Amino acid sequence: MADIDNKDQAEMDPADMEDVEEVEEEETGEDENSKARQLTVQMMQNPQILAALQERLDGLNGSPSGYMESLPKVVKRRVNALKNLQVKCAHIEAKFYEEVHELERKYAALYQPLFDKRSDIVKAAYEPTDEECEWKADEEEELTDEMKEKAKLEEEKKDEEKEDPKGIPEFWLTVFKNVDLLSDMLQEHDEPILKHLQDIKVKFSDPGQPMSFTLEFHFEPNDFFTNTVLTKTYKMRSEPDESDPFSFDGPEIMSCTGCTIDWTKGKNVTLKTIKKKQKHKGRGTVRTVTKTVPNDSFFNFFTPPEVPENGELDEDSEAVLAADFEIGHFIRERIVPRAVLYFTGEAIEDDDDDEGEEEADEENDADYDPKKDAAPPAECKQQ
């Protein structure tokens, strides 16, 4: 044991562990227990041993438990019956989500007049009344009438000094810049174009049609492209996968299609021109070659990678689509319904609070595995 006790921790590996176990078997009584405790402490402090142990445990994830294997055949048979019941539950759950989609379509029609009025105010097609503009902010609750009147006069004076703006300038651009998920997509050359974005609408598939939703980006006439509406359609599936029915957890976005942007000549921000110098091997002369290559831009959002019929994608395309699904889902679920709160920043604070609560829940969850959050999801689940 002396050799083992003096061995540097950093040099220990699984082979060393086997040697240790052989020596430990020769020890007896209290000396054996003392040495075992000492060795355990050494092993738990050795990163190589911990990594090997974690790798071994990770390999057990998803494998049948020893308890299940030990069950009598007649009990396993009954467990199989329970699994069949679970599959039927998954199919009922799929029907539930189909009805949820129908409810979303129904209530979307009720929301739309309010969203249309929001759009009219943003683009200066409608001027809200004084009554519609009244809003009691939290910080105003304790202000005296005299202080409120003074603040009002100061605001009016500032407004007189400024040029009278129409509607709410740069409303959607500000929303995008306030949300990290969207601002990461924006490039400086995208901003002048997004200043012309007047509205974003969500359209659900018609009754009886496959489940899907379309994002419509409405633009005022501009110098960059002739389209008035750019669209992005997401097709969803709400049925268990026959090969893995227990993984069903609500509708999944399966694919998406964009649209063709009719760019004005010289205004396509999704492409850039680069110049390269090429040297002729034989003559040694140098010539300059002009080449058009893809350019980073928010508007690449409208040309997602195509999913082949076999569904197989390379890692880069899969990552792009995973991010795309997340963005489309976020715009539909959060941005469109609560746009003004993302414009003011209030919704961002709420999102931060929600994330803090989720992280706390995950830390307290014994089954939570942080490794699963490291990679982008292959598909975006409907919340």
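Residues numbered from 1 in each chain as written. Predicted model: local features only at pLDDT ≥ 70, side-chain atom pairs only at ≥ 80, totals over all residues. Heavy atoms only, no water.

For the chain, an unreviewed UniProt entry supplies the name Nucleosome assembly protein 1-like 1 isoform X2 and the organism Xyrichtys novacula. Recorded in UniProt under Sequence similarities (unreviewed entry), the annotation for the chain is "Belongs to the nucleosome assembly protein (NAP) family." Word for word, the UniProt comment on the chain under Subcellular location (unreviewed entry) is "Nucleus". (UniProt positions renumbered as here; feature names shortened; annotations may be inferred.)

Peer 1: Quick rundown of the overall build of the chain? Include the residues and the values.
Peer 2: A tally of regular secondary structure across the chain gives 14 helices and six strands. Burial statistics for the chain: of 383 residues in total, 28% are counted as buried. (Helix = DSSP H or I, 4+ residues; strand = E, 2+ residues; numbered from the N terminus. Buried < 20%, exposed > 50% of the residue type's maximum accessible area, 1.4 Å probe, protein only.)

Peer 1: Before we move on, could you go through the sheet that holds strand 3 (residues 229–237) and cite the residues and values that matter?
Peer 2: Here we have four strands laid out as an open sheet, ordered 1-2-3-4, and antiparallel in their pairing. Edge positions in the open sheet fall to strand 1 (197–204) and strand 4 (252–257), since each of these has one partner strand only. Averaged over all pairs of adjacent strands, the angle between their axes in this sheet comes to 20°, without regard to strand direction. Pairing of strand 1 with strand 2 (residues 212–219) involves seven bridges; the strand directions are antiparallel. Bridge pairing in strand 2 links Phe204 to Phe213. Across the sheet, helix 6 (residues 73–122) is in contact with strand 1, strand 2 and strand 3; its angle to strand 1 comes to roughly 170°. (Pairing = 2+ DSSP bridges. Axes fitted to C-alpha atoms, helices over the stretch in contact; angles between N-to-C directions. Contact = heavy atoms within 4.5 Å.)

Peer 1: Please set out the packing of aromatic side chains residue by residue, giving values where relevant.
Peer 2: Geometrically, a pair of aromatic rings is defined through the distance of the ring centres and the angle of the planes. Inspection of the entire model under this criterion finds 21 aromatic pairs. Aromatic side chains Tyr111 and Phe115 sit 5.9 Å apart centroid to centroid with 20° between the ring planes, which places their arrangement in the stacked category. In this pair, Tyr111 and Phe115 are both assigned in helix 6, four residues apart and thus about one turn of the helix distant. Members of the aromatic cluster, connected to one another through ring pairs, are Phe176, Phe217, Phe219, Phe225, Trp263, Phe298, Phe299, Phe301 and Phe302. The ring of Phe301 carries Lys232 above its face, with NZ or CZ at 3.4 Å from the centroid. The ring centre of Phe224 lies 5.5 Å from the NZ or CZ of Lys267, which sits over that ring. (Phe/Tyr/Trp six-rings, centres within 6.5 Å; stacked < 30°, edge-to-face > 60°. Lys NZ or Arg CZ within 6 Å of the ring centre and 35° of its normal.)

Peer 1: Quick rundown of the environment of Ser183? Include the residues and the values.
Peer 2: By secondary structure assignment, the location of Ser183 is in helix 10 (residues 180–183). Sequence-wise, Ser183 and Phe298 are 115 residues apart; in three dimensions their C-alpha atoms are separated by 9.0 Å. Among all residues touching Ser183, those that are not within four sequence positions of it are Phe176 and Lys177.

Peer 1: I'd love a proper account of the pattern of salt bridges, names of residues and values included.
Peer 2: Under the defined criterion, the tally for this structure stands at 10 salt bridges. Across the pair Lys177 and Glu191 runs a salt bridge, and its minimum N-O distance is 3.5 Å. Note that Lys177 is positioned in helix 9 (residues 171–178) and Glu191 in helix 11 (residues 191–194), a separation of 14 residues in sequence. Residue Glu191 is classed as partly exposed on the basis of its relative accessible area of 24%. In this structure, Glu216 engages Lys203 in a salt bridge whose closest nitrogen and oxygen atoms are separated by 3.6 Å. (Salt bridge = Lys/Arg side-chain N within 4 Å of Asp/Glu carboxyl O.)

Peer 1: Can you tell me about the pairing of strand 5 (residues 271–279), naming the residues and giving the values?
Peer 2: Bridging between strand 5 and strand 6 (residues 286–294) involves nine bridges; their strand directions are antiparallel. Residue Gln278 lies in a different strand from strand 6, and its bridge partner there is Arg287. Once strand 5 ends, the chain turns through six residues before running back antiparallel as strand 6, passing Gly284 with a positive phi of about 80°.

Peer 1: I'd like a description of the nonpolar core, backed by residues and values.
Peer 2: Core analysis: the largest hydrophobic core is formed by 48 residues, its most contacted members being Phe176, Phe217, Phe298, Phe299, Phe301 and Ile331. Considering every element that reaches this core, the biggest residue donor is helix 12 (residues 315–335), with six residues. If sequence neighbours within four positions are ignored, Phe176 has contacts with Leu182, Ser183, Leu186, Leu194, Leu197, Ile200, Phe217 and Phe298. (Core = buried A, V, L, I, M, F, W, Y, C linked by side-chain atoms within 4.5 Å.)

Peer 1: Would you mind going over helix 12 in detail, with residue names and values included?
Peer 2: The first and last C-alpha atoms of helix 12 sit 28 Å apart over 21 residues, in line with the 30 Å expected at 1.5 Å per residue. Those residues of helix 12 that sit buried are Ser317, Leu321, Ala322, Asp324, Phe325, Ile327, Gly328, His329, Phe330, Ile331, Arg332 and Ile335. (Expected span 1.5 Å × (residues − 1).)

Peer 1: Give me the lowdown on the environment of Val202, citing residues and values where you can.
Peer 2: On the secondary structure map, Val202 appears in strand 1. Separated by 13 residues in the primary sequence, Val202 and Leu215 have C-alpha atoms spaced 4.8 Å apart. Every residue in contact with Val202, bar those within four places of it in the chain, is listed here: Phe213, Thr214, Leu215, Arg332 and Val336.

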